[in-house]
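Report on the structure
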Amino acid sequence: MKRISTWIYSIVSFSFLVISCDKSELVTRDKVIINNNSSSLSQRINHKNAGLLNFQTPSNNGMRFRSGESQEAIMLTSSDKNFALALVSEVSAPEFEGQQLRSTHVAVDGSYAYVSYNTEGDRYLGGIDIIDIADINNPRLVISAKLPDIDVNALYVDGNKLLIAGAADRDVFSDLSSSAFSSYLPLNNGLIGSNFDFKTLQGPTALDIIAGKQGANFVVSGGMSGVLAKLNKQNGNVEMSITIPDLRSVRDNGVKVVALSGTGLLKVYNGSLVHEKDIVVQSNTAEAKRTMDLYQNIAIVPQGRNGFATYNIQSGSLIKQHEIPNYTGNDSNLDPEDVVVNAVS
């Protein structure tokens, strides 16, 4: 029974608040199948399109860019500030049991990038890739983990834990009261362990999770019965939850917790989840991913085909609307409907 997890490819004027005690359920199983075979994993990385974006010339001899009529090879370093953006390599999405997965979220911490995946359609099948980016010119896929019967919609690194949010197939996990869940995988020197515990949430799927700056973590689940939940940092238990329709994303700045609802509201709370204000923003397309961010007291909100906007969460006022620049290229394969802003950071 899926499907608000097809939300992910793409994250009230009335809000019904329910403050609850911890009613999370604990389900423990071996749920992670880890592939760390360097030979097979390396086949998913290619460098054929490497180069400076908008100036790239595919080459078998390393990264190259074109400047005027000349073509030059370059090697990037972490201190190189000469160019805005260069493509170093591409990692293809994993394929499990004949099913091609699709990426849903990226988290970067230290020398590793963590990429989550789920499956389009009615099947629940997720994955997590861990990419070693210590050598900027030679990233390595070091682990590809399959998570059967669940979708992984978002992840976040919190010290020695990889927080995950998603949805589980209740036809398989029949003891769960709902599909939405939050959890974490233990990290050892940046690499994941092989098991985790579900903490179920109200709603069809969990869409975003963060390591909070106020002694707790936060997660949101979508759908009309979705919740903003406060999680215990040590064991992941749900300490408090508030029912808010159509939640997509959550962030905190150390003082405030802000949740984005697809109904067109930013919901602002203090660290104890006491509601402070609503800020009217653009409503979101149904089942579209929307991942917001916070910088001090500025909320940065993606708005699909309308670009993104910034809001002051203290005053509740719009700071600026940022439109997507007009595309002037000649790529016939580009559908203008696909040019959207789904996430900001």
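Higher on the page you've got the structure.
Calculation criteria
- Residues numbered from 1 in each chain as written.
- Predicted model: local features only at pLDDT ≥ 70, side-chain atom pairs only at ≥ 80, totals over all residues.
- Heavy atoms only, no water.
- Core = buried A, V, L, I, M, F, W, Y, C linked by side-chain atoms within 4.5 Å.
- Buried < 20%, exposed > 50% of the residue type's maximum accessible area, 1.4 Å probe, protein only.
- Helix = DSSP H or I, 4+ residues; strand = E, 2+ residues; numbered from the N terminus.
- Contact = heavy atoms within 4.5 Å.
- Pairing = 2+ DSSP bridges.
- Axes fitted to C-alpha atoms, helices over the stretch in contact; angles between N-to-C directions.
- 1 Å grid on protein atoms, 1.4 Å probe; cavity = no way out; pocket = protein on both sides within 12 Å on 5 of 7 lines; lining within 4 Å.
- Points joined across faces, edges and corners; volume = space filled by probe spheres on them.
- Nonpolar A, V, L, I, M, F, W, Y, C, P; charged D, E, K, R; others polar.
- Salt bridge = Lys/Arg side-chain N within 4 Å of Asp/Glu carboxyl O.
- Lys, Arg positive; Asp, Glu negative; His and termini not counted.
- Polar contact = N/O pair within 3.5 Å; in protein donor to acceptor, adjacent residues only side chain to side chain.

Describing the nonpolar core
Ranked by internal contacts, the top residues of the largest apolar core, which has 25 residues, are Leu147, Ile150, Leu162, Ile164, Ile192 and Phe196. When contributions to this core are tallied by element, the ones reaching two or more residues are strand 12 (112-118), strand 13 (125-132), strand 14 (140-148), strand 15 (150-158), strand 16 (161-168), strand 17 (180-188) and strand 19 (196-200). Excluding residues that lie within four positions of it along the chain, Leu162 makes contacts with Tyr114, Ile128, Leu155, Tyr156, Val157, Ser183, Tyr184, Leu185, Leu187 and Ile192. In this structure, Leu228, Met240, Ile244 and Val257 belong to the second largest nonpolar core, which totals 14 residues.

Some details on the sheet that holds strand 31 (residues 318-322)
The strands making up a sheet associate through hydrogen bonds between their backbones, and the pairing can be parallel or antiparallel. Read from one edge of the open sheet, four strands run 28-29-30-31, paired in antiparallel fashion. The strands lining the two open edges of the sheet, one partner per strand, are strand 28 (293-295) and strand 31. Averaged over neighbouring strand pairs, the angle between their axes works out to 20 degrees when direction is ignored.

Observations concerning empty space enclosed by the protein
Considering only enclosed or pocket space, the largest cavity measures out at about 60 Å³ in volume. Along the walls of the largest cavity sit Lys161, Leu163, Ser182, Ser183, Tyr184, Ile209, Asn217, Leu231, Asn232, Lys233 and Gly236, which together make up its complete lining. Broken down by secondary-structure element, the contributors of at least two residues to the lining of the largest cavity are strand 16, strand 17 and strand 22 (227-232). A total of three residues in the lining of the largest cavity trace back to one element, the largest contributor, which is strand 17. Classifying every residue of the lining of the largest cavity gives four nonpolar, five polar and two charged.

Quick word on the environment of Val142
Locating Val142 in the fold gives a position in strand 14. What makes Val142 buried here is its relative accessible area of 17%. Sequence separation between Val142 and Tyr112 is 30 residues, and the spatial gap between their C-alpha atoms is 9.5 Å. Residue contacts for Val142: discarding those within four places in its chain leaves Asn35, Asn36, Leu41, Tyr112, Ile130, Asp132 and Leu191.

Quick look at the pattern of salt bridges
Taken as a whole and judged by the stated rule, the model has twelve salt bridges. Across the pair Arg123 and Glu97 runs a salt bridge, and its minimum N-O distance is 2.1 Å. Separated by 26 residues along the polypeptide, Arg123 in the loop between strand 12 and strand 13 and Glu97 in the loop between strand 9 (95-96) and strand 10 (99-100) bring together distant segments of the chain. For Arg140, the salt bridge goes to Asp132, with nearest N and O atoms at 2.8 Å. Looking at Asp132, the relative accessible area reads 11%, which means it is buried. Three or more residues are tied together by salt bridges with common partners; here these are Glu97, Arg123 and Lys146.

Some points on the sheet that holds strand 11 (residues 102-109)
As summarised here, the arrangement of the five strands in space is 2-14-13-12-11, forming an open sheet in which the pairing is antiparallel. One side of each edge strand has no neighbouring strand; the edge strands of this open sheet are strand 2 (33-35) and strand 11. Along the sheet, successive strands turn relative to each other by an average axial angle of 20 degrees, direction set aside. Looking at chain direction, strand 13 and strand 14 are connected through eight bridges and run antiparallel. Paired with Asp129 across the two strands is Ser144, which belongs to strand 14.

Focus on the side chain of Arg290
Among the structural elements, Arg290 can be located in the loop between strand 27 (275-280) and strand 28. For the buried Arg290, no salt bridge exists, and the shortest N-O distance to an oppositely charged side chain is 9.6 Å, to Asp246. Polar contacts involving the side chain of Arg290 include one to the side chain of Asn342, which spans 2.6 Å.

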